[in-house]
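# A closer look at the structure
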Amino acid sequence: MDVDLRLLRYFSAVAEEGNLTRAARRLFVSQPALSKQIQRLEALLDVELFVRSRDGMQLTDPGRVLAARMPALLATWDDALSEVRAAASRSARVLRIGFLASAANEATPRIVETFRREQPGWEVVMRQAAWSNPTAGLLTGDTDVGLLRLPCPGQHRLRVAMLFTEPRWVALPTTHPLAGRNEIRCGELWDEPFVAAAPESGRWRDFWLGVDERVGRPVRIGAVVDQPDDWLNAIANGYGIAFAPASSARFYARPGVVYRPVTGLSPSQVAVAWPSAAHNDAVVQAFVRCCLAITRQPTGPDADVRVPAGGCHA
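Treat the numbers as computed from the prediction; the structure is a model and nothing was measured. (Residues numbered from 1 in each chain as written. Predicted model: local features only at pLDDT ≥ 70, side-chain atom pairs only at ≥ 80, totals over all residues. Heavy atoms only, no water.)

## Brief notes about the overall build of the chain
Assigned secondary structure in the chain consists of ten helices and 13 strands. With the C-alpha coordinates of the chain rotated into their principal frame, the extents come out at 65 × 55 × 30 Å. Buried residues in the chain amount to 49% of all 314 residues. Surface exposure of the chain reaches about 15300 Å², of which carbon and sulfur atoms provide 52%. Across the chain, the mean location of the 36 positive side-chain charges is 2 Å away from that of the 33 negative side-chain charges. (Helix = DSSP H or I, 4+ residues; strand = E, 2+ residues; numbered from the N terminus. Buried < 20%, exposed > 50% of the residue type's maximum accessible area, 1.4 Å probe, protein only. Areas by Shrake-Rupley, 256 points an atom, 1.4 Å probe, with all protein chains shown as cover. Lys, Arg positive; Asp, Glu negative; His and termini not counted. Charge placed at Lys NZ, Arg CZ, Asp CG, Glu CD.)

Right under this line is the structure:
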């Protein structure tokens, strides 16, 4: 029997959420469409997977058996797909770099330039990911290496090397009462509405909402966005405030938005990451070594970038 993998992903989301509405929101589909797909899967398997009630979707005994298999089954497929796509990019001598927002800040062009010089004949393709995809395509096989902000969901399935840290600041509309301050305590911000990433970004979203520092204080969400431009517009138009890397003041300057230092927050961690299956890939490791070499050197416009002998060679 052939079953569409998408149906299994839909089933897994409903099983995890226990609620059609939440699962539909997570999957970016309508609730009626999701309900029809679950019914289709049940018809294909000729078994009832859920008991429907006002309280939600409860797994039946057969449903629990299938749900227990889902994480390993989907992870195996994702790993296989990642390896297939990676092999295709290797045959074309293309290294696909996924990144979020400003990637490794000012170091990014120097990293790419050094890699190209050390790996002649290889092309680097930079792919910016939406915030709903905090691993920048690594887990789906769409990219070979990622310049990421940690923590992120699925991080345990990746190899990670830390590059640097930077403070978290707050982005405010210029009309905000705290906009004139030189420094703000994080506790002064907990009652403010926040502009947030989509819920499916998981731990990444929680980090940028300061969940750990809130110690149980609830989060008010003023807007949900998936791209930097929408994020800036939401803040400038007063839908909420947001924590951001300190470098955002340089990379995302915009009329109507100001950035201020915040005390009491742990720093943002920037890392280079790659799939476990690529740990022995010579080209991937060459890029990782370039990341490590460049981020340990000055990155100003007059910096003289020199990679240690052999540092970036595959």
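That shown, we press on.
## Topic: the nonpolar core
Formed by 45 residues in total, the largest nonpolar core has its most connected members in Leu148, Val170, Leu189, Val195, Trp231, Phe243 and Tyr259. The contact partners of tyrosine 259, leaving out residues within four places of it in the chain, are Trp169, Val170, Ala171, Trp231, Leu232, Ala244, Ser248, Ala249 and Tyr252. Counting residues in each nonpolar core, the second largest holds 27 residues, with Val112, Leu147, Val283 and Cys291 among its members. (Core = buried A, V, L, I, M, F, W, Y, C linked by side-chain atoms within 4.5 Å. Contact = heavy atoms within 4.5 Å.)

## Examining the state of the cysteines
Taken as a whole, this structure holds zero disulfides when the rule is applied. Residue cysteine 291 stays outside any disulfide, its sulfur separated by 7.1 Å from that of cysteine 290, the closest cysteine. Take cysteine 291: its relative accessible area is 0%, and that puts it in the buried class. (Disulfide = S-S within 2.5 Å.)

## Quick notes on the sheet that holds strand 3 (residues 94-99)
What the five strands build is an open sheet, ordered 4-3-5-13-6; its pairing is mixed. In this open sheet, the two edge strands, each paired with only one partner strand, are strand 4 (123-128) and strand 6 (158-166). Recorded for the sheet is a direction-independent mean angle of 25° between the axes of neighbouring strands. With eight bridges joining them, strand 6 and strand 13 (residues 268-275) adopt antiparallel strand pairing. Within strand 13, the residue paired with valine 160 across the bridge is alanine 273. Along the sheet face, helix 10 (residues 282-295) touches strand 3, strand 5 (145-150), strand 6 and strand 13 and points at about 15° away from the line of strand 6. (Pairing = 2+ DSSP bridges. Axes fitted to C-alpha atoms, helices over the stretch in contact; angles between N-to-C directions.)

## A look at the side chain of threonine 108
Tracing the backbone through its elements, the reader meets threonine 108 in helix 5 (residues 107-118). Using a relative accessible area of 11% as the deciding quantity, one classes threonine 108 as buried. If sequence neighbours within four positions are ignored, threonine 108 has contacts with Ser102, Ala103, Met126 and Leu147.

## Regarding the layout of surface pockets
Considering only enclosed or pocket space, the largest pocket measures out at about 980 Å³ in volume. Lining the largest pocket are 24 residues, and of these Arg9, Arg26, Asp78, Leu139 and Thr140 sit closest to its centre. The set of elements that each furnish at least two residues to the lining of the largest pocket consists of helix 1 (5-17), helix 2 (20-27) and helix 4 (61-91). Ranked by residue count, the leading element in the lining of the largest pocket is helix 4, at seven residues. For the lining of the largest pocket, the per-class residue count stands at eleven nonpolar, six polar and seven charged. (1 Å grid on protein atoms, 1.4 Å probe; cavity = no way out; pocket = protein on both sides within 12 Å on 5 of 7 lines; lining within 4 Å. Points joined across faces, edges and corners; volume = space filled by probe spheres on them. Nonpolar A, V, L, I, M, F, W, Y, C, P; charged D, E, K, R; others polar.)

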